[in-house]
Amino acid sequence: MKRLAVLGHPVAHSRSPAMQEAALDAVGLGGEWSYEAIDVDPGDFEARVRAMPGEGFVGANVTVPHKGAALSVADVLSETAREIGAANALSFEAGEIRADNTDAPGFLEALPGPVAGRRALVLGAGGAGRAIVWALAREGAEVEVWNRTELRAAHLCEELGGRSVTDPDPAAYELLVNTTAVGLRGEDPFAELPLRAADLAPSQTVVDMVYGAEPTRLLAAAEAAGATTVDGIELLVRQGARSFRIWTGREAPLDAMRSAARV
Ligand code: ATR
């Protein structure tokens, strides 16, 4: 059995095991490969990862709060992971640990069209925001970054590109991306973030990395305004599809992954 896993803390809520198991089944690898969720305390992360190759694991996704630690434990970094400073996919091969970042290219794939020259506002300057700003800046978007703690946005932009802003006019952007945790526990995005429902428009694309059983309040308002929306499940599917290709060498069955992730 070739084993795969997602490492997080907490991780019980993750849709990755159902999504990746469905993908393995759909390409006929279900009998030979498995994917499980493993809750790992931050203090145990490195030892846990180092033990995995000996336990039959060939790869792992890494989620909050381990994406920075995943970079430190690796012997080989992809260019994307190194530049972003975070990794969400590890592979174990020939005694080496390799770290990739599939969040950034997965995000670009989930967008409805190219972003070169487009004005984009990224809300949040945490780990999730880093991958998004890196991806947008690299594609030639005009990226601006707002964060509740201003200094964090300024530091992120110095490192990865984009311009930090403190009082953005949300109507001025073609692309709005929420990478903050706002909405995870039902918080009101229009109270916590510099957004007004009345400014959302059909010409905009609104992306919310937060996902749950229901559309978030931000995406519900964006849909009501006629904007194009991309939700956190679609981002999960896209990063997962790229991880799947790295490990198995097979094209990922996107539709099977989507329906399993959405249940
Ligand atoms: P992640 O790796 O998921 O990005 P993180 O590094 O802890 O996690 O970052 C969480 C992000 O959500 C940060 O941008 C945080 O803002 P601060 O840097 O000011 O802490 C943002 N965030 C969390 N709760 C928020 C709230 N109520 N209002 C605005 N931003 C919030």
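Just so you know, these numbers come straight off a predicted model, no measurement behind them. (Residues numbered from 1 in each chain as written. Predicted model: local features only at pLDDT ≥ 70, side-chain atom pairs only at ≥ 80, totals over all residues. Heavy atoms only, no water.)

Novice: Pulling in residues and values, what's your account of the site of the ligand?
Specialist: Close to the ligand lie 13 residues; N147, R148, T149, R152 and E192 are nearest. Between an oxygen atom of the ligand and a main-chain N or O atom of A125, the distance comes to 3.2 Å. A128 is positioned such that a nitrogen or oxygen atom in its backbone is 3.1 Å from an oxygen atom of the ligand. Burial of the ligand by the protein amounts to 73% of the accessible area it has alone, namely 640 Å². In the shell around the ligand, the residues fall into four nonpolar, six polar and three charged. (Near = heavy atom within 4 Å. Polar contact = N/O pair within 3.5 Å; in protein donor to acceptor, adjacent residues only side chain to side chain. Areas by Shrake-Rupley, 256 points an atom, 1.4 Å probe, with all protein chains shown as cover. Nonpolar A, V, L, I, M, F, W, Y, C, P; charged D, E, K, R; others polar.)

Novice: So, the nonpolar core: which residues are in play, and what are the values?
Specialist: Residues F107, L136, V145, L175 and V207 are the most contacted members of the largest nonpolar core, which totals 28 residues. The set of elements that each furnish at least two residues to this core consists of α5 (103-110), β7 (119-123), α6 (127-138), β8 (142-146), α7 (150-160) and β10 (175-178). If we ignore the near neighbours within four places in the chain, the residues touching V145 are V122, G124, A125, V133, A153, L156, C157, R163, S164 and V165. In this structure, A5, V49, A60 and V62 belong to the second largest nonpolar core, which totals 20 residues. (Core = buried A, V, L, I, M, F, W, Y, C linked by side-chain atoms within 4.5 Å. Buried < 20%, exposed > 50% of the residue type's maximum accessible area, 1.4 Å probe, protein only. Helix = DSSP H or I, 4+ residues; strand = E, 2+ residues; numbered from the N terminus. Contact = heavy atoms within 4.5 Å.)

Novice: I'd like a rundown of the sheet that holds strand β6 (residues 96-100), residues and numbers included.
Specialist: Taking strand neighbours across the sheet as the criterion, the six strands line up as β2-β1-β3-β5-β6-β4 in an open arrangement whose pairing is mixed. The outermost strands of the open sheet, each flanked by one partner alone, are β2 (33-39) and β4 (76-77). Relative to β2, helix α1 (residues 16-26) is tilted by about 175°, and along the sheet it contacts β1 (2-8), β2 and β3 (57-62). (Pairing = 2+ DSSP bridges. Axes fitted to C-alpha atoms, helices over the stretch in contact; angles between N-to-C directions.)

Novice: An account of the pairing of β3 is requested, with residue identities and associated values reported.
Specialist: Summarising burial for β3: five of the six residues are buried, a large majority. Sheet topology places β1 next to β3; five bridges connect them, and they run parallel. Looking across to β3, one finds that A5 is bridged to A60. Pairing geometry for β3 and strand β5 (residues 89-93), over three bridges, is antiparallel. Counted as the bridge partner of G59 is S91 from β5.

Novice: Tell me about the pattern of salt bridges, and please be specific about residues and values.
Specialist: Oppositely charged side chains can form a pair if their charged atoms are brought close together. Under the definition given, this model contains 20 salt bridges. For the salt bridge of D100 with R98, the shortest nitrogen-to-oxygen distance reads 3.1 Å. Where R238 meets E109, a salt bridge forms, and the shortest distance between an N and an O atom there is 3.9 Å. On the criterion of sequence distance, the pair formed by R238 in helix α10 (residues 232-248) and E109 in helix α5 is long-range, its members being 129 residues apart. Owing to a relative accessible area of 16%, R238 belongs among the buried residues under this scheme. The partly exposed category is assigned to E109, whose relative accessible area is 29%. One network of salt bridges, with partners in common, ties together E109, E234, R238, R242, D255 and R258. (Salt bridge = Lys/Arg side-chain N within 4 Å of Asp/Glu carboxyl O.)

Purely geometric stuff here, so don't read any function into it on its own.
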